[in-house]
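Survey of secondary and tertiary structure
Okay, here's what each chain looks like letter by letter:
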Amino acid sequence: MAAEIHPKPQARIPVLLGKIEAFQDVVSTAVIIPKEDGVITVSEDRTVRVWLKRDSGQYWPSIYHTLPAPCSCMSFNPETRRLSLGMDTGTVSEFILAEDYNKMTPSKNYQAHQGRVTVVLFVLEMEWVLSTGQDKNFTWHCSESGQRLGVYRTPAWVSGLQFDVETRHAFVGEHSGQVTILKLEQDRCSLVTTFKGHAGSVTALCWDPVQRVLFSGSSDHSIIMWDIGGCKGTAIELQGHNEKVQGLSCAPHTRQLISCSSDGGIVIWNMDVTRQETPEWQDSDSCQKCEQPFFWNFKQMWDSKKIGLRQHHCRKCGQAVCGKCSSKRSTIPLMGFEFEVRVCDPCHESITDEDRAPTATIHDSKHGILYMHFEPTRGWLLTSGTDKVIKLWDMTPVVS
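Residues numbered from 1 in each chain as written. Predicted model: local features only at pLDDT ≥ 70, side-chain atom pairs only at ≥ 80, totals over all residues. Heavy atoms only, no water.

1. Considerations on the confidence of the model for the chain
Put simply, the rule reads: You can read pLDDT as the predictor saying how much it trusts each residue, on a scale of 0 to 100. A helix here means a DSSP run of H or I that spans at least four residues, while a strand means a run of E at least two residues long, and both kinds are numbered starting from the N terminus.
Here the chain averages 90 in pLDDT, while 93% of its residues score no lower than 70. In the model of the chain, strand β1 (residues 2–4) stands out as the element of lowest mean pLDDT, 53, in contrast to strand β9 (residues 91–97), which has the highest, 97.

Set out below in structure tokens:
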């Protein structure tokens, strides 16, 4: 069912600790159990399984529970051993796991949504169960009474959710690409603000309560760091993936960000550097370097008897330039560009080798990642793939 891997620990790369492969369907959500050598998985085949590592070095299920409907998301609180499961039917089902993780007991059902639950989050400090669904509703329930406390209608269905206990702010990432901040009270909520920087849907959110920054990942392959606590409106873009970002997690003690994507990439970002905002792209009817007209500028083309050129933008200065004046490529790590991007010729000359020093390391998980979970106490990372395999990684060689 599960294989034990014997890696070479000396390399500064994620170390594969083991695999769990006994799935008939894709695992939609999985978490590492803190202080236990175990994993909880939820699959589209309606099963919830708790895997514990045996003396043989393999993971075997101590719990194999079949649900009445497919489970779409999960939240596990290790202090109370409370397992909250979001269902395809719109119900959030709650279970309590035994201390030895050999039994799960039903606790409550919350009739939270009219459609598939997309995210569920249990907040122990408030005794709240937060959830979002494809019915475009964000709801929160009292976990003690089971009573619904409030509901907020979102413009699009929600694909990411985080909560800050100190301020009672809920961060809601939507399929439209928008991120909404809500202030929650016991029985009502108010809209704080909304912001949008992604060209695609928000696929992952991560809140760093220490640095007071929110990270959002998107189907547009990008990550944006929103400086909430600085109150300066700073938004830093990070470009290190070739496909949709599927998961984000902070390593708080080392000021690093871990991101995973559907191309199998695991990227470790150093956030303990002074990063720069990417410039806004400037509008112009002609190249801002050589003044050649762009192809839609008919008047200037006629007056100068020149053929119009295609417009590009320099990623460093944001100016509108033609292909001839932006023939070079360069990485700009402090602006978040870990891959080579188009820059104008003057900017290319100004970028030094020191400026090109990478601020992230990119690793290949060798499977298309659908979901990730990071356990910071031991520095372990779990990735669930399109190959129906769970992989466990020791991240301490790179997250340190």
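There's plenty left to go through after this.
2. Concerning the pairing of strand β7 (residues 71–77)
The following threshold applies: Note on classification: 1.4 Å probe, protein chains only; a residue is buried when its accessible area is under 20% of the maximum for its type, exposed when over 50%, partly exposed between these limits. Note on pairing: two strands pair once DSSP finds at least 2 bridges between them.
Burial within β7 is extensive, with seven of its seven residues counted as buried. In this structure, the hairpin formed by β7 and strand β8 (residues 82–87) is closed by a connection of four residues, where R81 is found at a positive phi of approximately 55°.

3. What about the sheet that holds strand β30 (residues 360–364)?
So the rule is basically this: Here an axis means a line fitted to C-alpha atoms, over the contact stretch when the element is a helix, while the angle between two N-to-C directions is reported on a 0 to 180 degree scale.
Ordered by their spatial adjacency, four strands build an open sheet running β23-β24-β25-β30, and the pairing between neighbours is antiparallel. At either margin of the open sheet sits one strand with a lone partner, and together these are β23 (245–251) and β30. Here the strands of the sheet are splayed against their neighbours by 15° on average, with no regard to which way each runs. Here β23 pairs with strand β24 (residues 256–261) via six bridges, running antiparallel. Paired with L248 across the two strands is S259, which belongs to β24.

4. Side note on the packing of aromatic side chains
How we decide: Aromatic rings from Phe, Tyr and Trp, taking only the six-membered ring of Trp, are treated as a pair when their centres fall within 6.5 Å; an angle between ring planes under 30 degrees marks them as stacked, one over 60 as edge-to-face, and anything in between as tilted. In this scheme, Lys NZ or Arg CZ marks a charge over a ring once it lies within 6 Å of the ring centre and within 35 degrees of the ring normal.
Tallied over the full model, the rule gives six aromatic pairs. Ring centres of W128 and F163 lie 6.0 Å apart, and the angle between their planes is 65°; on these two criteria the pair is classed as edge-to-face. In this pair, W128 is assigned in strand β12 (residues 128–133) and F163 in strand β15 (residues 158–164), connecting sequence segments 35 residues apart. Each member of the pair, W128 as well as F163, is classed as buried. Between the NZ or CZ atom of R378 and the centre of the ring of W380, over which it lies, the distance is 4.3 Å.

5. Quick look at the sheet that holds β9
Taken in spatial order, the four strands line up as β7-β8-β9-β10 in an open sheet, and their pairing is antiparallel. Because the sheet does not close on itself, it has two edges, and the strands there are β7 and β10 (104–111). Taking each pair of neighbouring strands and ignoring which way they run, the sheet shows an average axis angle of 20°. Here five bridges tie β8 to β9, and the two strands are oriented antiparallel to one another. Its bridge partner being in β9, S84 is matched across the sheet by E94.

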